[in-house]
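Chains, contacts and geometry: an overview
The lines below spell out each chain.
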Amino acid sequence: SSGINAEYGGDSVAFQLDSQDTTSVSLPKYYTQMDIVNTLLGITSRSFVFAVTETDFNHIAQLHPLVYEMLLIKGKIFARMKPGKKQKLVEDLQSIGFTVSMCGDGANDCGALKSAHAGVSLSEAEASIAAPFTSANPSISCMIEILRQGRAALVTASVTFRFMAMYSMIQFITQLLHYSIGTNMTDSQFLYIDMFVISGIAATLGQSQPASTLAPTTPRAQLIDFKVFVLLSLHVAITFGFQYLVFEGVRTLPFYIPTELAEDLHTRECLENTAVFIISQFQYTLYGIVLCKGPPFRRPAYSNWSLMLVFLICCVMSVLFVFQPLPFLTKLMNLVSLQQLDVQITFILLMAVNFVLVYLVEELFDTHRITTTLENAKIFLNKARPEFVNLCERWGILKEEFNSKNFYR
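The structure displayed is predicted, hence computed values, not measured ones. (Residues numbered from 1 in each chain as written. Predicted model: local features only at pLDDT ≥ 70, side-chain atom pairs only at ≥ 80, totals over all residues. Heavy atoms only, no water.)

**Brief notes about the packing of helix α9 (residues 226-249) against helix α10 (residues 271-290)**
- For the pair α9 and α10, the least separation of the axes is 8 Å and the interaxial angle reads 155°. One way to sum up the angle between α9 and α10 is to call them roughly antiparallel. With respect to the hand of their crossing, α9 and α10 are arranged in right-handed fashion. Where α9 approaches α10, its residues His235, Thr239, Phe242, Gln243, Val246 and Phe247 are matched on the opposing element by Glu272, Ala275, Val276, Ile279, Ser280, Gln283 and Tyr287.
- Of the residues in the contact of α9 with α10, the class split is seven nonpolar, five polar and one charged. (Axes fitted to C-alpha atoms, helices over the stretch in contact; angles between N-to-C directions. Helix = DSSP H or I, 4+ residues; strand = E, 2+ residues; numbered from the N terminus. Parallel < 35°, antiparallel > 145°, perpendicular 65-115°, else oblique. Left-handed = near helix turned anticlockwise from the far one by under 90°. Contact = heavy atoms within 4.5 Å. Nonpolar A, V, L, I, M, F, W, Y, C, P; charged D, E, K, R; others polar.)

**A few points about the nonpolar core**
- Residues Tyr192, Phe277, Ile278, Phe321 and Phe347 are the most contacted members of the largest nonpolar core, which totals 62 residues.
- Elements that contribute at least two residues to this core include exactly α7 (142-179), α8 (187-204), α9, α10, α11 (305-323) and α13 (341-364).
- Among the elements that make up this core, the one with the highest residue count is α10 (12 residues).
- Not counting chain neighbours up to four residues away, the residues in contact with phenylalanine 347 comprise Val246, Val250, Ala275, Ile278, Val322 and Leu338.
- Formed by 20 residues, the second largest nonpolar core is a distinct cluster that contains Ile60, Met70, Leu72 and Val100. (Core = buried A, V, L, I, M, F, W, Y, C linked by side-chain atoms within 4.5 Å. Buried < 20%, exposed > 50% of the residue type's maximum accessible area, 1.4 Å probe, protein only.)

**Some words on the environment of isoleucine 73**
- Of note, isoleucine 73 is situated in helix α3 (residues 65-74).
- Among the residues examined, isoleucine 73 registers a relative accessible area of 47% and is labelled partly exposed.
- Distance in space between the C-alpha atoms of isoleucine 73 and leucine 93 is 8.1 Å, their sequence separation being 20 residues.
- Residues contacting isoleucine 73, with those up to four places away along its chain left out, are Ile96 and Phe98.

**Observations concerning the confidence of the model for the protein chain**
- Scored by pLDDT, the protein chain comes out at a mean of 80, with 75% of its residues at no less than 70.
- Between the elements of the protein chain, mean pLDDT differs from a low of 43, seen in strand β1 (residues 4-8), to a high of 93, seen in α11. (pLDDT = per-residue confidence, 0-100.)

**Focus: the side chain of aspartate 92**
- Here aspartate 92 lies in helix α4 (residues 83-95).
- What makes aspartate 92 buried here is its relative accessible area of 15%.
- Ignoring anything within four residues of it in the chain, the contact list for aspartate 92 reads Tyr68 and Leu72.

**Things to note about the packing of aromatic side chains**
- One pass over the structure, following the stated rule, counts nine aromatic pairs.
- Summarising the aromatic geometry, the rings of tyrosine 192 and phenylalanine 321 are spaced 5.3 Å apart at their centres and angled 90° between planes, so their arrangement reads as edge-to-face. Placement of tyrosine 192 in helix α8 and of phenylalanine 321 in helix α11 is noted, with a sequence separation of 129 residues between them.
- Owing to a relative accessible area of 1%, phenylalanine 321 belongs among the buried residues under this scheme.
- Between phenylalanine 240 and tyrosine 244 the ring centres are 5.7 Å apart and the planes differ by 15°, which places this aromatic pair in the stacked class. With phenylalanine 240 and tyrosine 244 both in helix α9 and four residues apart, this pair spans about one turn of that helix. (Phe/Tyr/Trp six-rings, centres within 6.5 Å; stacked < 30°, edge-to-face > 60°.)

**Points about the sheet that holds strand β6 (residues 101-104)**
- The three strands are arranged β6-β7-β8 in an open sheet whose pairing can be described as parallel. Only two strands of the sheet have a single neighbouring strand rather than two, namely β6 and β8 (133-134).
- Of the strands in this sheet, β6, β7 (118-121) and β8 touch α7, which is tilted by about 135° from β7. (Pairing = 2+ DSSP bridges.)

**So, a nonpolar patch on the surface**
- Residues Phe161, Leu223, Ile224, Phe226, Phe229, Val230, Leu234, Val356, Tyr359, Leu360, Leu364 and Phe365 make up a contiguous nonpolar surface patch of about 1,100 Å² in total accessible area.
- Residue assignment for the nonpolar patch shows that the elements contributing at least two residues are α9 and α13.
- By secondary structure assignment, the location of leucine 364 is in helix α13. (Patch = residues over 30% accessible without salt bridge, like charges linked within 9 Å, V, L, I, M, F, W, Y side chains within 5 Å. Areas by Shrake-Rupley, 256 points an atom, 1.4 Å probe, with all protein chains shown as cover. Salt bridge = Lys/Arg side-chain N within 4 Å of Asp/Glu carboxyl O.)

**Topic: the environment of asparagine 184**
- The topology assignment puts asparagine 184 in strand β9 (residues 183-184).
- Taking the relative accessible area as the measure of exposure, asparagine 184 reaches 19% and is therefore buried.
- Asparagine 184 sits 84 residues away from arginine 268 along the chain, and the two C-alpha atoms are 7.1 Å apart.
- A distance of 2.7 Å separates polar atoms of two side chains, one belonging to asparagine 184 and the other to glutamine 175. (Polar contact = N/O pair within 3.5 Å; in protein donor to acceptor, adjacent residues only side chain to side chain.)

Here you go:
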């Protein structure tokens, strides 16, 4: 980037690049702010930045508002600024849509630290009172750590919210199917799901560490938006499909004993209850794993060993619930035996297919991937538009020549 020097004369204002460039443009005696902006934009095709002191900063801010906004965008160095001007700079950058961070190590930085979106004190003196963050390392390199941790925390909040939303919907569907036949889950089943599965996943879901490098993009700032709503709707539809499939499927088995519809809801051991409980308790586990987002803002899910341990234990319990090798566990959970080996294997395959399908939907319709793809497509179209316009113009000229008599001659 090239620095720009401005020299004010009696009748004109001359803008000149640094000593390595001889480009110089002068303005007439009577010039407007737009003349200055157009001159700065046309002075060079290369990118450039501004470096100003407080005197120049005040002069431009008071007399040239249009140039001042350009100064905010292109300014990189603001030297010898008083506390009030530091705060004004931060607030003005925020007013034009920038997210502003501020590092300071003294009392004269307190105003700017308080006004910034992320204020970081590099000392434990007065500045640490006004800043929400205090760095033990007196270096601006701490901003990288704040960005890493902040983005990971935002993703963790989004992941936890979506998991708890799916937990509610899975249990709602389970209870809905139970109520349709006048029964309910047993206390031991509720206790196992809430105390062990949900508590274990919720406690370990946020243990994933931030990514070691910063991604060029940022995570979503909202916990819920239209894209997240659509994705959750797809997951709810898949959840309902698999629970309803096993609910109706066990009724076709030769050893099925019909369940009479009772007027009052009460707990009963039946094949429908066993089938829905087995598939639903596994769905809690698979959503905990699938929704545990890794790159680009957090480390991969497999690096979260505590979550992997919970996932392994829940998978082992799912297999025990299906094959029921332990009579005391079957009696404790009030389950009905699936009896036939092919039925048991079918349940294992259904759980595997459910996991794969949910994982594919999450990967294909992931909101971050969609947003990145749309942004890349927009950048490509912006780059391709001038070439397309140029091609159309050349085609128009060629068409005119083709229709002219000179072409045939």
